[in-house]
Amino acid sequence: RGTFRTRHIAVNKDEITAHLARFSEPEHRERYRRRAPAIETVFGFMRAVLGYVRWQLRGSERVACEARLFKAAYQIRKIHAHRASCGA
């Protein structure tokens, strides 16, 4: 068994076909293109600034909880930076 997730075409054919069909729409391609920098910025920040390269917990519920903590911390940091720049 490999270390990467795989999607089996025979099992998920309808889901994969529907997903790929959306890319034939120019609006969807543009949304997808604009989304990448916003998402990658957060992951880049986590890696470069916080030194966070992997989940510390195992299991989908625990990883989801850890992700919620990071999202909250990221937002609090943004609020703090904004307040500091305003002199509040």
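Calculation criteria
- Residues numbered from 1 in each chain as written.
- Predicted model: local features only at pLDDT ≥ 70, side-chain atom pairs only at ≥ 80, totals over all residues.
- Heavy atoms only, no water.
- Helix = DSSP H or I, 4+ residues; strand = E, 2+ residues; numbered from the N terminus.
- Rg over C-alpha atoms; globule rule 2.2 N^0.38 Å.
- Buried < 20%, exposed > 50% of the residue type's maximum accessible area, 1.4 Å probe, protein only.
- Areas by Shrake-Rupley, 256 points an atom, 1.4 Å probe, with all protein chains shown as cover.
- Salt bridge = Lys/Arg side-chain N within 4 Å of Asp/Glu carboxyl O.
- Lys, Arg positive; Asp, Glu negative; His and termini not counted.
- Polar contact = N/O pair within 3.5 Å; in protein donor to acceptor, adjacent residues only side chain to side chain.
- Contact = heavy atoms within 4.5 Å.

Along the protein chain, the regular secondary structure elements total 3 helices and 0 strands. Written out in order from the N terminus, the α and β elements of the protein chain read α-α-α. What you see for the protein chain is a C-alpha radius of gyration of 18 Å, clearly larger than the 12 Å of a compact globule of 88 residues, by over 25%. Across its three principal directions, the C-alpha atoms of the protein chain cover 55 × 35 × 20 Å. Residues classed as buried in the protein chain amount to 8% of the 88 residues present. Split by element, the accessible area of the protein chain, about 8200 Å² in all, is 58% carbon and sulfur.

In total, this model carries 2 salt bridges according to the counting rule given. The shortest N-O distance in the salt bridge between R33 and E30 comes to 2.6 Å. Highlighted residues: R33 and E30, both in helix α2 (residues 26-48), separated by 3 residues, approximately one helical turn. On the basis of relative accessibility, which here comes to 54%, the residue R33 falls in the exposed class. Classification of E30 by relative accessible area gives partly exposed; the value is 31%. E30 is the partner of R34 in a salt bridge, and the nearest nitrogen-oxygen pair spans 3.6 Å. Here E30 and R34 lie together in helix α2, a separation of 4 residues that amounts to about one turn. Through salt bridges that share partners, E30, R33 and R34 make up one connected network.

This brings us to the side chain of E66. Relative to the helices and strands, E66 resides in helix α3 (residues 60-86). It turns out E66 is buried and unbridged, and the closest side chain with the opposite charge, R58, is 6.5 Å from it. Polar contacts involving the side chain of E66 include one to the main-chain amide nitrogen of L57, which spans 3.3 Å. Once residues within four sequence positions are removed from consideration, E66 is found in contact with Y52, W55, Q56 and L57.

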